[in-house]
Amino acid sequence: MIKKAVVRVCILLLITLVAYYFYPEEKLPPDIKINSLVVLKSKRQLLAYSNGKLIKTYKISLGRTPVGDKEYQGDGKTPEGIYCINDKNPNSSCYMNLGVSYPDQQDIERCKKTNKHTGGDIKIHGLLNGQGYIGKFHRWYDWTAGCIAVTNDEVEELYNAVEIGAKIEIKP
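My aim in this report is to walk through the structure given alongside it, one point at a time. (Residues numbered from 1 in each chain as written. Predicted model: local features only at pLDDT ≥ 70, side-chain atom pairs only at ≥ 80, totals over all residues. Heavy atoms only, no water.)

Description of the overall build of the protein chain
Then comes step 1: For the protein chain, the count of helices and strands is 3 helices and 8 strands.
Then comes step 2: Each principal axis of the C-alpha atoms in the protein chain carries an extent, and together these give about 65 × 40 × 30 Å.
Then comes step 3: Taking all 172 residues of the protein chain together, 40% fall into the buried category.
Then comes step 4: Sequence separation of 24 or more characterises 62% of the internal contacts of the protein chain that already satisfy a separation of 6 or more. (Helix = DSSP H or I, 4+ residues; strand = E, 2+ residues; numbered from the N terminus. Buried < 20%, exposed > 50% of the residue type's maximum accessible area, 1.4 Å probe, protein only. Contact = heavy atoms within 4.5 Å.)

Examining the packing of aromatic side chains
Then comes step 1: Enumeration according to the criterion identifies 2 aromatic pairs in this entry.
Then comes step 2: A centroid spacing of 5.9 Å and a plane angle of 75° characterise the contact between Y83 and Y102, whose relative ring orientation is edge-to-face. With Y83 in strand β4 (residues 81-89) and Y102 in the loop between β5 (97-100) and α2 (105-114), this pair connects stretches of sequence that are 19 residues apart.
Then comes step 3: For Y83, a relative accessible area of 4% gives the class buried. (Phe/Tyr/Trp six-rings, centres within 6.5 Å; stacked < 30°, edge-to-face > 60°.)

Re the pattern of salt bridges
Then comes step 1: Inspection of the entire model under this criterion finds 11 salt bridges.
Then comes step 2: One salt bridge in this structure joins E25 and R139, with 3.0 Å as the shortest N-O distance. Placement of the pair is E25 in the loop between α1 (2-22) and β1 (34-40) and R139 in the loop between β6 (123-125) and β7 (148-149), with a sequence separation of 114 residues.
Then comes step 3: We note a salt bridge from K41 to E80, for which the minimum N-O separation is 3.0 Å. Here E80 lies in the loop between β3 (53-59) and β4 and K41 lies in the loop between β1 and β2 (45-50), a separation of 39 residues in the sequence. E80 matches K41 in its accessibility class, with the two residues each being buried.
Then comes step 4: One network of salt bridges, with partners in common, ties together E25, K136, R139 and E154. (Salt bridge = Lys/Arg side-chain N within 4 Å of Asp/Glu carboxyl O.)

What to know about the sheet that holds β2
Then comes step 1: The strand order across the open sheet formed by 8 strands is β3-β2-β1-β8-β4-β5-β6-β7, and the pairing between neighbours is mixed. This sheet does not close on itself; its edge strands, each paired only once, are β3 and β7. (Pairing = 2+ DSSP bridges.)

As for the side chain of D107
Then comes step 1: On the secondary structure map, D107 appears in helix α2.
Then comes step 2: Classification of D107 by relative accessible area gives buried; the value is 3%.
Then comes step 3: Not counting chain neighbours up to four residues away, the residues in contact with D107 comprise Y83, Y102 and T118.

With respect to the state of the cysteines
Then comes step 1: Counting across every chain of the model gives 0 disulfides.
Then comes step 2: With no disulfide of its own, C94 lies 7.1 Å from the sulfur of C147, the closest cysteine sulfur. (Disulfide = S-S within 2.5 Å.)

Digging into the nonpolar core
Then comes step 1: The biggest cluster of nonpolar side chains holds 28 residues, and the ones touching the most others in it are L37, I85, I124, I148 and I168.
Then comes step 2: Contributions of two or more residues to this core are made by β1, β2, β3, β4, β5, α3 (152-161) and β8 (162-171).
Then comes step 3: Non-local contacts of I168, meaning those with residues more than four positions away in its chain, are made with L37, V39, G81, I82, Y83, C84, I85, V100, I124 and I148. (Core = buried A, V, L, I, M, F, W, Y, C linked by side-chain atoms within 4.5 Å.)

Overview of the pairing of β4
Then comes step 1: Relative to β8, β4 runs antiparallel, the two sharing 4 bridges. Note on β8: the bridge partner recorded for C84 is K167.

Description of the environment of N97
Then comes step 1: On the secondary structure map, N97 appears in strand β5.
Then comes step 2: For N97, a relative accessible area of 4% corresponds to the buried category.
Then comes step 3: Not counting chain neighbours up to four residues away, the residues in contact with N97 comprise D87, K88, N89, S92, K123, I124, H125, V155 and Y159.

Encoded structure:
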């Protein structure tokens, strides 16, 4: 009796996981241009705006130590502040990326006081190359070195829609 119940629970769990993995998510409308992004770290959300109108909300993963502002290179934190998208790279160690203009002058000055390096290379990126099969399961934990991670399909969508110079505000 207990064995049958355990088997049923396992099958139900497996069905739920498969449904989660394959359940289709809403895509950005075609030809939309995103000119503003807001990251809500505590909610693990990236909000994409076009001319002030919220177009889509993405579920994200952050740096492995997500609470608090980035203090120095290697702390595993995602920075907080207002930056811009300053680069696009289709050939990075993670599937595509959009560069974030961190560090700004305020970040540099703060780090000078502590004699530590600010770090840099903060990106919005997909999964590590060769690991795209992880898909939405990456959202279950914070795994980056301080970047903002989405699925490969989502970063491709953002790569095509976000304009260089778009504002990105990263909030706690």
